[in-house]
Amino acid sequence: MPTFSIQNFGCRATEADAASVRQQLLSRGLTVTDDHSAADIVVLNTCTVTASADAQAREAVRKIHRANPSARIVVSGCYAQRAPEEVAVLPGVALVVGNSHIAEIPTIVSRPVFPKASAVNFVAIAEIAEPLSLARAPAKILTSDIFASAALPLPEPASGDRTRPILKIQDGCNHRCSYCVIPFVRGRSRSVSPAVVVEQVRDFVRRGAKELVLSGINLGSYGRDLSSQSGLQALVRRILAETEIDRLRFSSIEPQDITQEFIDLVASSNRIAPHFHVPLQSGSDRVLRAMHRWYRADHYAQRIRYIRQALPHAAIGADVIAGFPGETEDDFARTLELIEGLPFTYLHAFSFSPRPGTEAATLGSPVNEFLIRIRARKLRAIGTLKATAFRRCQSSTWHNALTLHRNSEGWTECLTGNYLRVRIAGTVPANRWCRVWVTERLNEIASEYSLLDISDGTASPEIRQEFASGIC
């Protein structure tokens, strides 16, 4: 059987899509390799949220084709959905598959060979029926109107060899932020039914998962499209009641969905990671209006402060855009002031990137690119200071942490519920619980640890008091 490699670019949702494709290819008998240069088929699942994301994908295609000219490259995801013709002419690309047809990739590439492509053609899945051969650009294109998708295709759960698997329970977005192209490549908001989600969580637990990340393009809107009107909070309560998953974690949630009730739910259970990623984008109300964001700076600040009040040790992250068209020095100063005054533990700063088809791409008064870079650098510097301060304030605290795959001679990396990466002494298998004592010795490795596997729920209170040492 042919070998394949797969690489994902972008958010948790695209990562979940790539994991599903990977698992389905494995179930069809293909062999996976981490080495693109040794693979018969290379799947690149792309992002298109910024121009740099597009450039990163194009460079990956060129690099892989140079190293492995015989590989058949499949480009899927958001970039493939937005600009398929642009991707199709890249050397080595055999097939371009948009989000509208990403579930069809395993069926196509598990055939003996790819269809020959002498010109760029938009095709339906039924048309890709003849034996496949190595395509020379331009490639075949498989995409359609993403807004015609009435339901969210059910992803196949990833294999149990992954620590902290991602379960995509929602896709698409009904908002129209003026800078964002994602609704046009992901479609309207669609949710997986609660009963199906619960069964998928059970399946992950059977496969050995201890922490599960619930993800979506607009996760807070989960369930609003369902006839039952089951929202995210109701789903989480059901997961906690009907499954044995040790810990749930959420991907990004919009500020208007971070209600006091939702925060209280997270605070009420030690099975929910105290970790909130709440996009900010700007601290200027004038810019927020131009962005078509549904909140204002004071509203955002109130939600963040309540998180800190209810969960003093929670991780709180945010996305911020530097250089939105028309952003003045005063606007940017307001953003800096807001961020400095809020208890963030990390920050993702982005330089504004005009996306084709969005309102912001045609707005006047663009900010000078050099000035954008300076502002983004200032934001990242504040993010670094916030992260360092949080790590220091967590010194001399206990945490349940999950071992990750990253290790070396003498240490193993773990992740705490509040998103601290720590190291414990020794080489420990991934996906094991341990109890860690966080120290401030950033360049030392604590010498003692004990494992605590609580996935089967049988650990006694005495066992739960056996602690391991760790460091940030």
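What you are looking at is a predicted structure, and each value in this text was computed from that prediction instead of being measured.

> Quick one: what's the story with unusual backbone geometry, residue by residue and with numbers?
One non-glycine residue, R164, lies in positive phi territory at about 55°. Residue position: R164 is located in the loop between strand 7 (140-142) and strand 8 (166-171). The backbone of S365 shows a phi angle near 55°, a positive value even though the residue is not glycine. Residue position: S365 is located in the loop between strand 14 (346-351) and helix 13 (369-393). Classification of S365 by relative accessible area gives exposed; the value is 55%.

> Pulling in residues and values, what's your account of the state of the cysteines?
This model, assessed by the stated rule, comprises zero disulfides. For the unlinked cysteine C173, the closest cysteine sulfur is that of C177, found at 6.4 Å. Since its relative accessible area comes to 11%, C173 is described here as buried. Not engaged in a disulfide, the cysteine C434 finds its nearest cysteine sulfur in C414; these two sulfurs lie 3.7 Å apart.

> Help me get a handle on the pattern of salt bridges, residues and values and all.
Within the structure shown, the criterion is met by 26 salt bridges. When the shortest N-O distance is used, the salt bridge between R66 and E59 registers 3.5 Å. The class of E59 is partly exposed, set by a relative accessible area of 39%. Within this structure, E199, R202, D203, R206, R207, R238 and E242 form a network of salt bridges that share partners.

So, how was this worked out
- Starting afresh in each chain, residues are numbered from 1 along the sequence in its written order.
- Whole-chain, interface and lining totals are the exception, using all residues; otherwise, since this is a predicted model, local features are given only for residues with pLDDT of at least 70 and side-chain atom pairs are given and counted only at 80 or more.
- Hydrogen atoms and water are omitted, and side-chain values are computed over all heavy atoms in the structure.
- Segments assigned H or I by DSSP are reported as helices when at least four residues long, segments assigned E as strands when at least two residues long, and all are numbered from the N terminus.
- Exposure classes here rest on a 1.4 Å probe applied to the protein chains alone. A residue is buried below 20% of its type maximum, exposed above 50%, and partly exposed in between.
- Any two cysteine sulfur atoms within 2.5 Å of one another count as a disulfide.
- Any Lys or Arg side-chain nitrogen located within 4 Å of an Asp or Glu carboxyl oxygen qualifies as a salt bridge.

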